[in-house]
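Given next are the chains, with one letter for each unit.
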Amino acid sequence: MAAARSTPTVSLEIEQARQRPPRVTELSFSHPKNYLGVPLAVVGSGQTGALVRQHLVSLPGRAKQGAIELGLLTPDGACTPLGDHVVAAGVKIHGSAEAALTTFDGLHGSPKRFCNVFPAWQDTAQRVFATYEPAEFIISTLRNYDRPLTLPELVETLAEKDEQRTARLFLRADSNSNRQAVEDVDLTDCSNYRGEPISQLKGCLFHTGIVTERGADTETIDPATDHWALEQPFRAQTGDNRGDGR
């Protein structure tokens, strides 16, 4: 049985690249390739925006903003150390940045799970997304449970740790405009939620093998049946294979 790995760490340079408060609203896409591919496009042969549009997604500006939010790029568009790590992984797995982008192009419109299609990418992808501060906040709570939490249960539990942080992450501004307590918001009403954490962020956590279910659109989601749980391999690999039995 392999030894459990420690939780992925983040270097000082990456922490400095994430100095400003996280803005999950910068995540416009639910597939990790649309962010992981941006550093590859930066170092690729050609204009970054054109390469992103050709191989990843038709909105390169939003892809770049998401990559900045995740700590892959600096605000002026250069690769951070974490972005360099992604580039190194792409070159190692596919032979070159251009080859990696071409391979990602084949995923366009595919419902297949990224970590299943490209298992060699899983460690790098998990490092990027598991160390993103809003994801860390969610993951640290899910570790304490050996059963899935519904979306309302997750938000209520997170609010016990940090109510303002939870409200900023999950609730629409108009749902919390009067700084009311999270417990006063109807968490069974899908219209009270931001789309980015429950669709885009959760989608990326699913594709990278961190959580068990895909994200869902706020217009179709039933919060009471939207479940959040860590994949057992991720829990074991990061050195935590226990729930609290709740």
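Refer to the preceding data block for the structure.
Residues numbered from 1 in each chain as written. Predicted model: local features only at pLDDT ≥ 70, side-chain atom pairs only at ≥ 80, totals over all residues. Heavy atoms only, no water.

A. Main features of the overall build of the protein chain. When its secondary structure is counted, the protein chain shows 13 helices and 2 strands. For the protein chain, the residues scored as buried account for 49% of the 246 residues in total. In the protein chain, the proportion of contacts linking residues at least 24 apart, taken out of those at least 6 apart, comes to 66%. Here the protein chain has roughly 11,500 Å² of accessible surface; of this, 48% comes from carbon and sulfur atoms. (Helix = DSSP H or I, 4+ residues; strand = E, 2+ residues; numbered from the N terminus. Buried < 20%, exposed > 50% of the residue type's maximum accessible area, 1.4 Å probe, protein only. Contact = heavy atoms within 4.5 Å. Areas by Shrake-Rupley, 256 points an atom, 1.4 Å probe, with all protein chains shown as cover.)

B. Fine view of the packing of aromatic side chains. In this structure the tally under the stated criterion is 8 aromatic pairs. Ring centres 5.8 Å apart and planes at 65° place the aromatic pair phenylalanine 114 and phenylalanine 118 in the edge-to-face group. In this pair, the class of phenylalanine 114 matches that of phenylalanine 118, namely buried. Aromatic ring contacts, followed pair by pair, group Phe104, Phe114, Phe118 and Trp121 into a single cluster. Across the ring face of phenylalanine 206, the terminal group of arginine 113 is positioned such that the distance to the ring centre comes to 3.9 Å. Positioned over the ring face of phenylalanine 137 is arginine 165, at 3.9 Å from the centre of the ring. (Phe/Tyr/Trp six-rings, centres within 6.5 Å; stacked < 30°, edge-to-face > 60°. Lys NZ or Arg CZ within 6 Å of the ring centre and 35° of its normal.)

C. Structural view of the pattern of salt bridges. Counted by the stated rule, this structure contains 5 salt bridges. A salt bridge links glutamate 153 to arginine 147, with the nearest nitrogen and oxygen atoms 3.3 Å apart. Residues lysine 202 and aspartate 226 are paired through a salt bridge, measuring 2.9 Å at the closest nitrogen-oxygen approach. With lysine 202 in helix H12 (residues 195-207) and aspartate 226 in the loop between H12 and strand S2 (227-228), this residue pair connects regions lying 24 residues apart in the sequence. (Salt bridge = Lys/Arg side-chain N within 4 Å of Asp/Glu carboxyl O.)

D. How the structure looks around the packing of helix H3 (residues 48-55) against helix H6 (residues 97-105). Packing of H3 against H6 brings their axes to within 8 Å, and their N-to-C directions diverge by 35°. On H6, the residues touching Leu51, Gln54 and His55 of H3 are Leu101, Thr102, Phe104 and Asp105. Partitioned by chemical class, the residues of the contact of H3 with H6 number 3 nonpolar, 3 polar and 1 charged. (Axes fitted to C-alpha atoms, helices over the stretch in contact; angles between N-to-C directions. Nonpolar A, V, L, I, M, F, W, Y, C, P; charged D, E, K, R; others polar.)

E. Looking closely at helix H10 (residues 151-161). Turning to H10, its buried residues number three or more, namely Leu151, Pro152, Leu154, Val155, Thr157, Leu158 and Ala159. In this structure, the buried residues of H10 make contact with helix H9 (133-142), strand S1 (149-150), helix H11 (163-170), H12 and S2.

F. Representation of the environment of alanine 135. By the secondary structure assignment, alanine 135 is in helix H9. A residue is classified by how much of its surface remains accessible, and alanine 135, at 0% relative accessible area, is buried. In this structure, alanine 135 is in contact with Phe129, Leu201 and Leu205, ignoring residues within four places of it in sequence.

G. Looking closely at the environment of threonine 103. By the secondary structure assignment, threonine 103 is in helix H6. Taking C-alpha positions, threonine 103 is 9.9 Å from phenylalanine 118, a pair spaced 15 residues apart along the chain. If we ignore the near neighbours within four places in the chain, the residues touching threonine 103 are His94 and Phe118. A polar contact of 2.8 Å, which involves the side chain of threonine 103, links it to the backbone oxygen of alanine 99. (Polar contact = N/O pair within 3.5 Å; in protein donor to acceptor, adjacent residues only side chain to side chain.)

H. Highlighting the nonpolar core. Core analysis: the biggest nonpolar cluster contains 67 residues, and Leu36, Trp121, Phe129, Ile138, Phe170 and Ile210 have the highest contact counts within it. Aside from chain neighbours lying at most four places away, what touches isoleucine 138 is Leu154, Leu158, Leu169, Phe170, Leu201 and Trp228. (Core = buried A, V, L, I, M, F, W, Y, C linked by side-chain atoms within 4.5 Å.)

I. Layout of the side chain of threonine 124. Looking at the element boundaries, threonine 124 is found in helix H8 (residues 122-130). Of the residues examined, threonine 124 reaches a relative accessible area of 8% and is grouped as buried. Apart from residues no more than four positions distant in its own chain, threonine 124 is found in contact with His85, Val86 and Ala89.

J. Layout of H11. Listed as buried for H11 are Thr166, Ala167, Leu169 and Phe170. With its buried residues spanning 165° around the axis, H11 presents them on a single face. Across from the buried face of H11, at angles greater than 90 degrees, the exposed residues are Gln164 and Arg168. Where H11 is buried, its residues meet H9, H10, H12 and S2. N-capping of H11 is provided by aspartate 162, with a side-chain oxygen placed 3.5 Å from the backbone N of glutamine 164. (Arc of directions from axis to C-beta.)

K. A look at the packing of helix H5 (residues 81-94) against H6. Following both chains from N to C, one finds H5 and H6 inclined at 80°, their axes separated by 8 Å at the closest point. Taken together, the axis directions place H5 and H6 in an arrangement best described as roughly perpendicular. Seen from H5, the contacting residues are Gly90, Val91 and His94; seen from H6, they are Ala97, Ala99, Ala100, Thr103 and Phe104. Partitioned by chemical class, the residues of the contact of H5 with H6 number 5 nonpolar, 3 polar and no charged. (Parallel < 35°, antiparallel > 145°, perpendicular 65-115°, else oblique.)

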